[in-house]
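Descriptive analysis of the structure
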Amino acid sequence: MTNPSEPPGSTVTLDRPISGIDLLSSHLAFSTTASPAYDWLLRDITPAGRTSPHCRVFRRRIFPDATPAQWNDWQWQLANRITTRAALQRFLSLSPREEAAFARCNGSLPVALTPYYASLLDEKNDHQPLRKAVIPVLDEHTAAPGEAADPLGEEEHSPAPGIVHRYPDRALFLVTSTCSTYCRYCTRSRLVGREHHGHHTRSAWEKAIAYIEKTPAIRDVLLSGGDPLTLSDEALEWLLTRLRRIPHVEIIRLGTKAPAVLPQRITLRLTRLLRRFHPLWISIHATHPDEITPEMSQACARLADAGIPLGSQTVLLAGINDEPETMRRLMHGLLKIRVRPYYLYQCDPIIGSSHFRTPVAKGIEIIQSLRGWTSGYAVPTFVIDAPGGGGKIPITPEYVEGCKHGDVVLRNYQGNLYRYPDHAPGGTAAAD
Ligand code: SF4
């Protein structure tokens with residue numbers, strides 16, 4: 001591991017990407033070292049008082065041999081992910097629809113969830129929103145018209161391994177295909193959980209970085225995947241150091257669901273590392289207000305305290321978060337933990353996603369239920385990522401009724417009409 005006392009900007013040499021799972025054994029050995037230089041790190045992996053009571057009960061019942069320190073160690077969480085039907089059945093009573101999905105399992109999106117996220121699931125109710133987001137049901141084996149493995153056409157916009165360059169001044173850099181917990185509606189279900197496509201080796205990363213280096217138009221790089229925060233601190237440091245050396249890369253963004261599914265990953269050591277690479281922004285994938293636990297709150301507080309601006313991304317999902325009241329609770333909950341709601345996505349038409357997709361009108365209704373009725377900061381931008389690679393297209397409720405006698409006629413959030421004098425500079429009325 002990197003010596004924590006190394007100066008900022010030091011690099012490590014990697015033969016291949018290092019995942020948290022790879023580092024589990026060395027981390028545990030390291031954590032027993034009683035050197036004063038590592039005191040802060042040791043504190044970091046001991047219980048911080050932010051283990052919810054239901055998590056403690058779940059740990060004692062399902063993982064009786066795990067100590068509180070292990071439970072609060074993100075590498076223990078990764079090493080003990082729940083990935084099989086038998087493991088799920090230790091704490092979930094699977095419904096016929098869920099059982100049938102496992103019976104049909106044919107190499108599609110794998111199942112994995114952290115013990116922490118598992119502790120949030122309802123053991124008996126298969127309609128619980130969090131459970132529906134991560135436990136497969138038979139519907140995901142049914143393809144509907146218009147669905148595709150790569151609905152956003154990312155492969156066609158990939159000039160280098162792991163790079164998607166769709167917009168002029170920014171690039172998506174897919175640095176891993178691993179997530180701690182797999183969402184059943186994942187846009188990249190064609191990639192995640194699969195390591196065979198070779199995009200995430202050290203040499204692939206070098207090619208991706210070389211592309212960014214030779215493309216001065218790219219001023220904004222978004223690290224995504226998979227979840228970049230399943231990478232080790234050393235791998236992240238290597239990537240961020242290399243990207244920060246590129247003069248035209250002004251900002252680096254990182255997309256992750258870790259605060260919601262693996263909050264233990266947000267260690268003080270990680271935040272000390274990330275803050276060295278400002279301006280660095282983080283987009284947090286948040287699905288439902290029940291994800292906002294004391295653990296997630298602490299994770300976001302650590303990131304915010306490190307000066308990292310936090311935004312959220314939420315996929316609109318039928319039966320999970322498509323009620324205005326649920327979305328309002330989620331947006332308010334995010335603001336309270338210093339996460340600014342950023343995007344609300346119409347669910348992408350990946351294969352087997354029809355049971356998750358809502359009519360577009362539902363998203364418009366939800367935005368209307370927020371705009372004007374609550375803080376503007378709590379209102380995300382509702383977008384459709386255009387199939388075929390057209391990029392994000394904002395979908396907004398109609399607030400402009402038309403023009404009349406040089407005025408713009410506007411409708412407010414309560415449905416009342418107002419006129420605004422639409423004059424050009426100098427007072428000339430704009431044409432009707
Ligand atoms: S965390 Fe993101 S990349 Fe990973 S499975 Fe969920 S949606 Fe896909």
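Quick caveat: nothing in here was measured; it's all calculated off a predicted structure.

Conventions and cut-offs
Residues numbered from 1 in each chain as written. Predicted model: local features only at pLDDT ≥ 70, side-chain atom pairs only at ≥ 80, totals over all residues. Helix = DSSP H or I, 4+ residues; strand = E, 2+ residues; numbered from the N terminus. Buried ≥ 20, exposed ≤ 12 C-beta atoms within 10 Å, placed from the backbone. Contact = placed C-beta atoms within 7 Å. Pairing = 2+ DSSP bridges. Axes fitted to C-alpha atoms, helices over the stretch in contact; angles between N-to-C directions. Core = buried A, V, L, I, M, F, W, Y, C linked by C-beta atoms within 7 Å. Domains from an automatic or database assignment. Right-handed = clockwise from strand over helix to strand, strands pointing away. pLDDT = per-residue confidence, 0-100. Parallel < 35°, antiparallel > 145°, perpendicular 65-115°, else oblique. Left-handed = near helix turned anticlockwise from the far one by under 90°. Nonpolar A, V, L, I, M, F, W, Y, C, P; charged D, E, K, R; others polar. Expected span 1.5 Å × (residues − 1). Arc of directions from axis to C-beta.

**Some points on the overall build of the protein**
Assigned secondary structure in the protein consists of 16 helices and 12 strands. The buried share among the 432 residues of the protein stands at 39%. At a minimum sequence separation of 6, the contacts of the protein that also span at least 24 residues come to 78%.

**With respect to the sheet that holds strand E6 (residues 310-316)**
If you trace the nine strands from one edge of the open sheet to the other, you get E1-E2-E3-E4-E5-E6-E7-E8-E9, paired in mixed fashion. What marks the edges here is a single partner per strand, and that holds for strand E1 (163-167) and strand E9 (391-394). Between one strand axis and the next, the sheet turns by 30° as a mean value, whatever way the strands run. Here three bridges tie strand E7 (residues 340-346) to strand E8 (residues 381-386), and the two strands are oriented parallel to one another.

**Some remarks on the nonpolar core**
Among the nonpolar cores identified, the biggest contains 85 residues, and Val 134, Ala 171, Phe 173, Tyr 182, Ala 208, Val 221 and Leu 239 are the most heavily contacted of them. Residue assignment places this core across two domains, with domain 1 (24-141) and domain 2 (155-394) each supplying three or more. The residues touching Phe 173, leaving out its near neighbours within four places in the chain, are Gly 162, Ile 163, Ala 208, Val 221, Leu 222 and Leu 223.

**A short note on the pairing of E7**
Strand direction decides the pairing type here: E6 and E7, joined by six bridges, are parallel. Note that in E7 the partner of Ser 312 across the bridge is Pro 341. In the classification by handedness, the crossover that spans E6, the intervening helix H15 (residues 324-336) and the parallel E7 is right-handed. At this point the chain moves from E7, through helix H16 (residues 360-370), to the parallel E8, and the crossover so formed is right-handed.

**A short note on the environment of Gly 388**
The residue Gly 388 is located in the loop between E8 and E9 in this model. Classification of Gly 388 by C-beta neighbours within 10 Å gives exposed; the count is 10. C-alpha of Gly 388 to C-alpha of Pro 151: the two residues are 237 residues apart in sequence and 6.0 Å apart in space.

**As for the confidence of the model for the protein**
In this model, the protein carries an average pLDDT of 88, and 86% of its residues clear a pLDDT of 70 or more. Per-residue pLDDT stays below 50 along residues 1-17; that stretch engages in 30 contacts with residues further than four places along the chain or on separate chains. Within the model, pLDDT remains below 50 along residues 21-49, and this stretch shows 32 contacts once partners closer than five positions in the same chain are excluded.

**Quick look at unusual backbone geometry**
Here Gly 225 and Gly 226 are connected by a cis peptide whose omega angle stands at 20°. In this fold, Gly 226 is placed in the loop between strand E3 (220-224) and helix H11 (233-244). His 278 connects to Pro 279 through a cis peptide bond whose omega is 0°. Tracing the chain through its elements places Pro 279 in the loop between helix H13 (268-274) and strand E5 (280-285). Backbone geometry places Arg 338, a non-glycine residue, at a positive phi of 70°.

**Examining the pairing of E6**
When a strand is regular, its side chains alternate between the sheet's two faces. By the bridge criterion, four bridges tie E5 to E6 in an arrangement that is parallel. Looking at the pairing, Ile 282 lines up with Leu 310 of E6. Between the parallel pair E5 and E6, the chain is carried across by helix H14 (residues 294-305), and the sense of this crossover is right-handed.

**Digging into the sheet that holds strand E10 (residues 400-404)**
Read from one edge of the open sheet, three strands run E10-E11-E12, paired in antiparallel fashion. The two strands at the open ends of the sheet, each matched to only one other strand, are E10 and strand E12 (417-421). Neighbour to neighbour, the strand axes of the sheet diverge by 25° on average, direction disregarded. Pairing geometry for E10 and strand E11 (residues 407-411), over four bridges, is antiparallel. Opposite Lys 404, over in E11, you have Asp 407 as the bridge partner.

**Section: the packing of H15 against H16**
Contact geometry for H15 and H16: axes closest at 9 Å, N-to-C directions at 55°. Considering the angle they form, H15 stands oblique to H16. The two elements H15 and H16 cross, and the hand of that crossing is right-handed. Contacts between H15 and H16 involve Pro 324, Met 327, Arg 328 and Met 331 from the first element and Glu 365, Ile 366, Ser 369 and Leu 370 from the second. Class assignment for the residues of the contact of H15 with H16 results in five nonpolar, one polar and two charged.

**A short note on H11**
With 12 residues, H11 extends 16 Å between its outermost C-alpha atoms, agreeing within 8% with the 16 Å of an ideal straight helix rising 1.5 Å per residue. Looking only at H11, the buried set comprises Asp 233, Ala 235, Leu 236, Glu 237, Trp 238, Leu 239 and Leu 240. Check the buried side of H11 and you find it contacts helix H10 (202-213), E3, strand E4 (251-256) and H13.

**Some words on H15**
Residue pairs three or four apart in sequence face the same way in an α-helix, which turns once every 3.6 residues. Between its terminal C-alpha atoms H15 stretches 18 Å, which fits the 18 Å expected from 13 residues at 1.5 Å a residue. Along H15, the residues classified as buried are Met 327, Leu 330, Met 331, Gly 333 and Leu 334. Considered in projection along H15, the buried side chains sweep an arc of 160° and stay on one side of the axis. Across from the buried face of H15, at angles greater than 90 degrees, the exposed residues are Glu 325 and Lys 336. Phi turns positive one or two residues past the end of H15, at Arg 338, with a value near 70°.

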